Amino acid sequence: MNEQTMHAVVIAGGGPTGMMLAAELTLAAVDVVVVERRPGPELVGSRARGLHARTIEVLDQRGIADRFLEAGRAMQVQSFAGVSLDISDFPTRHNYGLALAQSEFERILAAWIEELGVPIRREREVTGIAQDDAGVEVRLSDGRSLRATYLVGCDGGRSVVRKAAGIEFPGWDASVSSLIAEVETREEPEWGIRRDQNGTQAIGKLDDGKRVGVVVTERYAGQSGEPTLQELSQALVAVWGTDFGVHSPTWMSRFTDTTRLAATYRKGRVLLAGDAAHVHYPVGGQGLNIGVQDAVNLGWKLAQVVETTSPESLLDTYHAERHPVAAHVLQTTMAATALTRSDARIDAVRSILSELLTMDEPRTRLAGAVSGLDTRYDLGPGHPLLGRRMPDLDLVTATGPLRVFTLLHDARPVLLDFREPGGVDIAPWADRVRRVEAEHVAVWELPVVGAVTAPSAVLVRPDGHVAWVGDHAGAGLREALTEWFGRPTSA
Ligand SMILES: Cc1cc2nc3c(=O)[nH]c(=O)nc-3n(C[C@H](O)[C@H](O)[C@H](O)COP(=O)(O)OP(=O)(O)OC[C@H]3O[C@@H](n4cnc5c(N)ncnc54)[C@H](O)[C@@H]3O)c2cc1C
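Residues numbered from 1 in each chain as written. Predicted model: local features only at pLDDT ≥ 70, side-chain atom pairs only at ≥ 80, totals over all residues. Heavy atoms only, no water.

Asks: Which residues make up the sheet that holds strand E25 (residues 434-440), and what values do they have?
Replies: One open sheet holds the six strands; their spatial order is E23-E22-E25-E24-E28-E29, and the pairing between them is mixed. With partners counted over all chains shown, the strands left at the sheet margins are strand E23 (400-403) and strand E29 (466-469), one partner each. Adjacent strand axes in the sheet meet at a mean angle of 35°, parallel and antiparallel pairs treated alike. Looking at chain direction, strand E24 (residues 414-417) and strand E28 (residues 457-460) are connected through four bridges and run antiparallel. Bridge pairing links Val414 to Val460 in E28. (Pairing = 2+ DSSP bridges. Helix = DSSP H or I, 4+ residues; strand = E, 2+ residues; numbered from the N terminus. Axes fitted to C-alpha atoms, helices over the stretch in contact; angles between N-to-C directions.)

Pasting the structure below:
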């Protein structure tokens, strides 16, 4: 069968970021294809172990959070410097994180995108690209090429797309190297966590009760690539004085604290998202989360540009909004990585931080950032809601009670009008923006910020962030609608 070779968007890489972006584009009826190296959605070995609250909210905005919640375990996953950051007092339905292996996360996401009908070309790699004014030629490992109006590199930390597009990846080289493995041992290992001058080590039972999961820091000496069983044994001996008779690895991998951020998230018709745009040590467990949130920020913007509803400059807001989020995560993880080590001085810093984090303000500030619930895009001065995530309020509408997130299931913008019936007129955008008259009963409260004045209307983007907050006169609404959702149809 001949495969279609021209697409509006080609996504290189069908990991968490690529799949989420493909779903967002498909919801917006954009012709998209994913090119993925792996033969199937199965992910060998362990990577991410959980989701943070904002990622759960984002999935809830698309109506699929329950699928993940049923497969994982809700718990307080946020931490810094070894101190748990409890968010059970945060005003959100998801005031917790989710313990869920990345392999499970990807399995559930893959099932959803299959339902949506996203085409995936598997067992093929993107090997090179050439872009011109009209589009991008995407060369594949099977000798064929695809042609796309836009190409998004979601192909992980070693992104071929990023390199081929000539996008710089500045940052910091590794100082720590860790081995992660699933093995068997002849002797009972020392279960639990151990800290030393190199970092934090952990040994735990895997779900089958037989195999053992190991994370051990090795002395960093510039090594890279896949580790050997001998290297794992040496690293275990260096920490515990024995390798516990380690044998029969079913999976082994190496990761470092290399910390890098793409200089730009877009070069012409090529964009980057997820690990292709930012890498860091996994402490704090944020990589997958910010990748998924990159995808949700980019999807609707790219869809509108492809459909020519919005000018290409809308894509620059993707870099403007998401680059600072990753830069902040990189800073936090570098600090957290330093605190995974143990010696008298670092222990002293950790002890002072632990004390500070028992205080409400430092805890909520840090937890707001780690959970992603306090992400604010800089959309200028104004009401505290502007640029922040819209809370999932209970609304009362003419057709009955409704949650705000339910209105976002189809990834379309919504104007919520809390004024008199017929308050604001958005007729020239009615083909793109849904207007819902509603009442709300609860207090408006934001994580970290606290209670805020109830607005008379809000314009909510498909990613759930607030683009405009209304006053009585509706000042600035036309400008906001034009900026985010294109020119009025009558103009
Ligand atoms: C040990 C460890 C623990 C971690 N723990 C956490 C955690 O608890 N929480 C968290 O949020 N994050 C964690 N992370 C980070 C998380 O795994 C990554 O941030 C996440 O996988 C990034 O998703 P992605 O889709 O951007 O990239 P990837 O998951 O790397 O996906 C890229 C995809 O592209 C494919 N691909 C690559 N090159 C090509 C090509 N040229 N052509 C076609 N396909 C290609 C790959 O096969 C892959 O499927 C951890 C990472 C590690 C290593």
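Asks: Describe the pairing of strand E11 (residues 145-153), listing the residues and the values that go with them.
Replies: Relative to E11, strand E1 (residues 6-12) runs parallel, the two sharing six bridges. Looking at the pairing, His7 lines up with Ala148 of E11. Alignment of strand E10 (residues 136-140) against E11, held across four bridges, turns out to be antiparallel. Counterpart to Val138 in the pairing with E11 is Leu146. Linking two consecutive strands that pair antiparallel, namely E10 and E11, is a turn of four residues; a positive phi of about 90° is found at Gly143 within it. The pairing of E11 with strand E20 (residues 270-272) spans three bridges and is classified as parallel. Following the sheet pairing, Gly153 is matched in E20 by Leu272.

Asks: Now, about the site of the ligand: what can you tell me, with residues and values included?
Replies: Near the ligand there are 30 residues, and of these Thr17, Glu36, Gln102, Asp275 and Leu288 occur at the shortest range. Between the ligand and the protein, one listed contact pairs an oxygen atom with a side-chain N or O atom of Asn289 at 2.9 Å. Considering the ligand on its own, with 1000 Å² of exposed area, one finds that the protein chains cover 90% of that surface. Among the elements of the structure, helix H1 (16-27), strand E2 (32-36) and helix H7 (287-306) are those that each provide at least two residues to the shell around the ligand. The element best represented in the shell around the ligand is H7, accounting for three residues. (Near = heavy atom within 4 Å. Polar contact = N/O pair within 3.5 Å; in protein donor to acceptor, adjacent residues only side chain to side chain. Areas by Shrake-Rupley, 256 points an atom, 1.4 Å probe, with all protein chains shown as cover.)

Asks: So what about empty space enclosed by the protein? Which residues, and what values?
Replies: Counted by the stated rule, this structure contains one cavity of 30 Å³ or more. Considered as a void within the structure, the largest cavity measures approximately 70 Å³ in volume. Lining the largest cavity, in full, are Arg54, Val58, Gln293, Val296, Asn297, Arg322, Gly372, Tyr377, Asp463 and His465. At the level of secondary structure, the elements contributing two or more residues to the lining of the largest cavity comprise helix H2 (53-61) and H7. At three residues, the largest contribution of residues to the lining of the largest cavity is made by H7. (1 Å grid on protein atoms, 1.4 Å probe; cavity = no way out; pocket = protein on both sides within 12 Å on 5 of 7 lines; lining within 4 Å. Points joined across faces, edges and corners; volume = space filled by probe spheres on them.)

Asks: Break down the packing of aromatic side chains for me, citing the residues and quoting the values.
Replies: Counted under the stated rule, the structure contains seven aromatic pairs. A centroid spacing of 5.6 Å and a plane angle of 40° characterise the contact between Phe255 and Tyr281, whose relative ring orientation is tilted. Taken as a pair, Phe255 in strand E17 (residues 246-256) and Tyr281 in the loop between strand E21 (278-279) and H7 lie far apart in primary sequence, 26 residues in all. Owing to a relative accessible area of 22%, Phe255 belongs among the partly exposed residues under this scheme. Summarising the aromatic geometry, the rings of Trp300 and Trp484 are spaced 6.2 Å apart at their centres and angled 50° between planes, so their arrangement reads as tilted. Of this pair, Trp300 sits in helix H7 while Trp484 sits in helix H11 (residues 477-485), and the two are 184 residues apart along the sequence. Trp484 carries the same exposure label as Trp300, and that label is buried. Through a chain of ring-to-ring contacts, three or more aromatic side chains come together here, namely Trp300, Trp484 and Phe485. In this structure, Arg269 is placed above the aromatic ring of Tyr150, and the distance from its NZ or CZ to the ring centre is 5.0 Å. (Phe/Tyr/Trp six-rings, centres within 6.5 Å; stacked < 30°, edge-to-face > 60°. Buried < 20%, exposed > 50% of the residue type's maximum accessible area, 1.4 Å probe, protein only. Lys NZ or Arg CZ within 6 Å of the ring centre and 35° of its normal.)

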